[in-house]
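Remarks on the overall topology
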Amino acid sequence: MPQKRGDIYETARRLGHVPIIENELVQEELEGFETKEVDPDEAPIKENTVDVDDLPDEGVEPKYLLSIDGSLQEIPVNEDYPSSRIGFIQIAAVLTKLDILAEQQDERFVDPARVEDLEESVSQPLILPSSNYTAGDADTTHDSWRKHLYDTFVSREIEDKTYLEIFMDIIQSDPRYIDERTVNVYRCPNPDCPTEGTEADIHTDIYDFGNCDECGVEVYPTDSLRTHENVSETQPNGAAISAVMQVLEHLTLCAYILYLSENNPSRLEKVGFVIDGPLAVYDTPAWFHEPVLNTIRQVADKQRSNGYSPPIIVGVEKSGQFKDHALNIKENIPSGSVLGMDNEYIYEYVKSGTTNLEYGTRDHYGWPFIYKSESERVFVLDLPKLPGSDKYDPTNYSLMRKTVETITSVETALYDDATIPITLAHQSASIPLKTGTRVLELFSKEFTDDKE
């Protein structure tokens, strides 16, 4: 760690890297490191590629795309105590009107007035007490985090339903769900509890909390997400903040599909949903991915039974190992086609690991495909998983063709292999790294100073 004097940090020596590079043990160890570097001609691309025209042509062409994205920052608020931090999250949902987009694509000159009508957005900002901050009557950051996260789930709403009510609707298929008001929190959230780290049955009502039988600590239903397990009193809490953001992104997706399913199923079949990133929930709340998938499947079944098409739901991976692989084999993929990848393909050509456990079992509710459009752009698209081995074959996905055609309709050259809805969602959610951080710091300082 560098030393600091005023606003000036100790700088590293220009040749500080030399001892590392010249160290023989380091050189020897580096020789033993390997990563996936695949010759594009070796991968069985032709055998696993399907032309878009050969995909099933089912579903309804969406008139709207609802894109969802989140952004986070962890801000040191007090200049005198830079190790004390507050976490900020912003979740954005942006509705893009595809008819206006298509209309403007056909025009020689873009009409600024029509562009303003292109999208409608809503963002949900929230904060979390991070290192060395407490909230309410809690004595520690850990307990403050737990209570504040619960309060956030109770105080924030989507379409007149609280996050907590939506959460309970989503987890109905999970063993943690006891009834419409009760959750089984398998582990006591108190790190000093004698049962810490072991499973227990702690039933807690969403408004009338339960208690751990061993230590007596009050338990909240949101403790089932276990994000508090990564909260430190003294160190940055980026992982815990990221875990909360992930949950809220996928909770937001489910909130809108459940709302439309109940209130306007004919509208739901005309709306596509796009998540910025994979269809997955990582880290301690990873279990949440299964209830999300079950929710999507239940809505799809309900739509079909009522004579409507299920909505398109897709995650777009803009970076990562699948994107690296897509770019590496880009020239070998025919334009206008989708590459399906089974478990063996993924561990042979994309990721390190073994086929003992299927890819994404612990955290993914989507399965990845690589799509190369006629304009030569490549996209890694996650679609909600089908059961069993059916998930590997793009022709088994009834909405695959409508999905890739929709992605094609919203391509943009603004960034490499980008889509307009994801770009708009990111712009709505993002907190600028420098300017945004400084503004949030001043904003937070104003309110924390008022309490002194």
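Residues numbered from 1 in each chain as written. Predicted model: local features only at pLDDT ≥ 70, side-chain atom pairs only at ≥ 80, totals over all residues. Heavy atoms only, no water.

On to the pattern of salt bridges, then. Pairing is possible between side chains that carry opposite charge, provided their charged atoms lie close to one another. One pass over the full model with this rule turns up 16 salt bridges. One salt bridge in this structure joins Asp151 and Lys147, with 2.9 Å as the shortest N-O distance. Note that Asp151 and Lys147 are positioned in helix α6 (residues 141–155) at a spacing of four residues, about one turn of the helix. The class for Asp151 is partly exposed, based on a relative accessible area of 30%. For Lys372, the salt bridge goes to Glu376, with nearest N and O atoms at 3.3 Å. Accessibility expressed as a relative area gives 36% for Glu376, which makes it partly exposed. Where salt bridges share partners, they join Asp53, Arg401 and Glu405 into one cluster. (Salt bridge = Lys/Arg side-chain N within 4 Å of Asp/Glu carboxyl O. Helix = DSSP H or I, 4+ residues; strand = E, 2+ residues; numbered from the N terminus. Buried < 20%, exposed > 50% of the residue type's maximum accessible area, 1.4 Å probe, protein only.)

A word on the sheet that holds strand β11 (residues 202–205). Spatial strand order, β9-β10-β11: three strands in an open sheet with antiparallel pairing. Lying at the two open borders of the sheet, with one neighbouring strand each, are β9 (177–179) and β11. Geometrically, the sheet is characterised by an average inter-axis angle of 30° between neighbouring strands, direction not taken into account. Here four bridges tie strand β10 (residues 182–185) to β11, and the two strands are oriented antiparallel to one another. Along β11, the bridge assignment pairs Asn184 with His203. (Pairing = 2+ DSSP bridges. Axes fitted to C-alpha atoms, helices over the stretch in contact; angles between N-to-C directions.)

Within the secondary structure, Tyr347 sits in helix α12 (residues 343–350). For Tyr347, a relative accessible area of 14% corresponds to the buried category. For the pair formed by Tyr347 and Tyr359, sequence separation is twelve residues and the distance between their alpha carbons is 8.2 Å.

Let us now look at unusual backbone geometry. Non-glycine residue Asn132 carries a positive phi angle of around 65°. Among the structural elements, Asn132 can be located in the loop between β6 (119–129) and α6. For Asp283, which is not glycine, the phi torsion reads 70° and is therefore positive. Tracing the backbone through its elements, the reader meets Asp283 in the loop between β14 (271–276) and α10 (289–305).

Looking at the protein chain, pLDDT values average 85 and 83% of them are 70 or higher. Here helix α15 (residues 435–450) is the element of the protein chain with the lowest mean pLDDT, 43, and strand β16 (residues 337–340) is the one with the highest, 98. Across residues 107–116 the pLDDT falls below 50, and counting only partners more than four positions away or on other chains, this stretch makes seven contacts in the model. A low-confidence stretch, residues 432–450 stays under pLDDT 50, and its non-local contacts, those more than four residues away or across chains, total 21 contacts. (pLDDT = per-residue confidence, 0-100. Contact = heavy atoms within 4.5 Å.)

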